[in-house]
Amino acid sequence: MKKRKSGRRSVQELMGIRGFTKYGLETVYGELLFFRVQPINISVLSAENIRQKIHALQTILTLMPDIEILSTDSCECFDANKLYLRKREREEGNASVRRLLHKDGQMLTHLQAEMSTARQFVFQRRCTGLKAEQVLSLVNDTHKQLAGAGFEIQRMRKPEIKRFLAIYFDASMDGDRMPDVDGAQYVKGGKDSHA
């Protein structure tokens, strides 16, 4: 990673992210592999089925003690927007604009309530010092074990990882469309890979 002449570091560098790989995300702490797990509505399962799901998760954690479980909203949080609208509503002198700001705030509150139960669960596995073929083997083995334990599993690719990180860091709902390099889209001939 090249250090900038000014001595300032990018957000990517501060977070320890080196870039995307064929299978995941390369960081200073190793390559991270991400697997999305489809949530199951346990409120409709019998007590026996719930026990089986818990046992399957315990088995996975025993077989793969290095696996990390991440959970986040599956959509953007609107808290900052709602605070902004409330502040604008207090400051606004025009009664018609105040009413519109208030309605916008109510709409965001309603939208957030509808989406509050939408969660996404991700299993993350860290690889250090492995060659590409070893990483591929670990990817396949992890997928096979998770699927074999009864989880609906999908390996996350670059656009999905970008979207997940954007939501995790409260950046944007459209993380999958964010450029790999900040500002690259504004530089003539700049590289902006959306792939």
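For the structure, check the block above.
Residues numbered from 1 in each chain as written. Predicted model: local features only at pLDDT ≥ 70, side-chain atom pairs only at ≥ 80, totals over all residues. Heavy atoms only, no water.

Overview of the side chain of Glu-31
Alright, step 1. Summarising the element assignment, Glu-31 is placed in strand 3 (residues 30–37).
Alright, step 2. One buried charged residue, Glu-31, forms no salt bridge at all, with the nearest opposite charge on Arg-155 at 7.5 Å.
Alright, step 3. Separated by 2.5 Å, the side chains of Glu-31 and Thr-21 make a polar contact.
Alright, step 4. Beyond its immediate stretch of four places on either side in the chain, Glu-31 contacts Thr-21, Tyr-23, Gly-24, Leu-25, Glu-26, Arg-125, Arg-126, Cys-127 and Val-135. (Helix = DSSP H or I, 4+ residues; strand = E, 2+ residues; numbered from the N terminus. Buried < 20%, exposed > 50% of the residue type's maximum accessible area, 1.4 Å probe, protein only. Lys, Arg positive; Asp, Glu negative; His and termini not counted. Salt bridge = Lys/Arg side-chain N within 4 Å of Asp/Glu carboxyl O. Polar contact = N/O pair within 3.5 Å; in protein donor to acceptor, adjacent residues only side chain to side chain. Contact = heavy atoms within 4.5 Å.)

Quick word on the pattern of salt bridges
Alright, step 1. A complete count under the given rule lists five salt bridges for this structure.
Alright, step 2. Residues Glu-91 and Lys-87 are paired through a salt bridge, measuring 3.6 Å at the closest nitrogen-oxygen approach. A residue pair is termed a helical-turn pair when its members lie 3 or 4 positions apart in one helix, as Glu-91 and Lys-87 do in helix 3 (residues 79–91) at four residues.
Alright, step 3. Under the relative-accessibility criterion, Lys-87 is labelled partly exposed at 44%.

Overview of the packing of aromatic side chains
Each aromatic ring pair is described using two quantities: the centre-to-centre distance and the angle formed by the ring planes.
Alright, step 1. Counted under the stated rule, the structure contains two aromatic pairs.
Alright, step 2. Taking the centre distance of 6.2 Å and the plane angle of 55° together, the rings of Phe-34 and Phe-164 count as tilted. Residue Phe-34 is found in strand 3, and its partner Phe-164 is found in helix 6 (residues 158–168); the two are separated by 130 residues along the sequence. As far as the burial class goes, Phe-34 and Phe-164 line up, both buried. (Phe/Tyr/Trp six-rings, centres within 6.5 Å; stacked < 30°, edge-to-face > 60°.)

Brief notes about the nonpolar core
Alright, step 1. Membership of the largest hydrophobic core comes to 16 residues, with the highest contact counts inside it found for Leu-33, Phe-35, Phe-123 and Leu-146.
Alright, step 2. At the level of elements, strand 3, helix 2 (47–63), strand 5 (119–127) and helix 5 (132–148) are the ones that each hand at least two residues to this core.
Alright, step 3. Of all hydrophobic cores here, the second largest spans 10 residues; its members include Ile-17, Phe-34, Met-156 and Phe-164. (Core = buried A, V, L, I, M, F, W, Y, C linked by side-chain atoms within 4.5 Å.)

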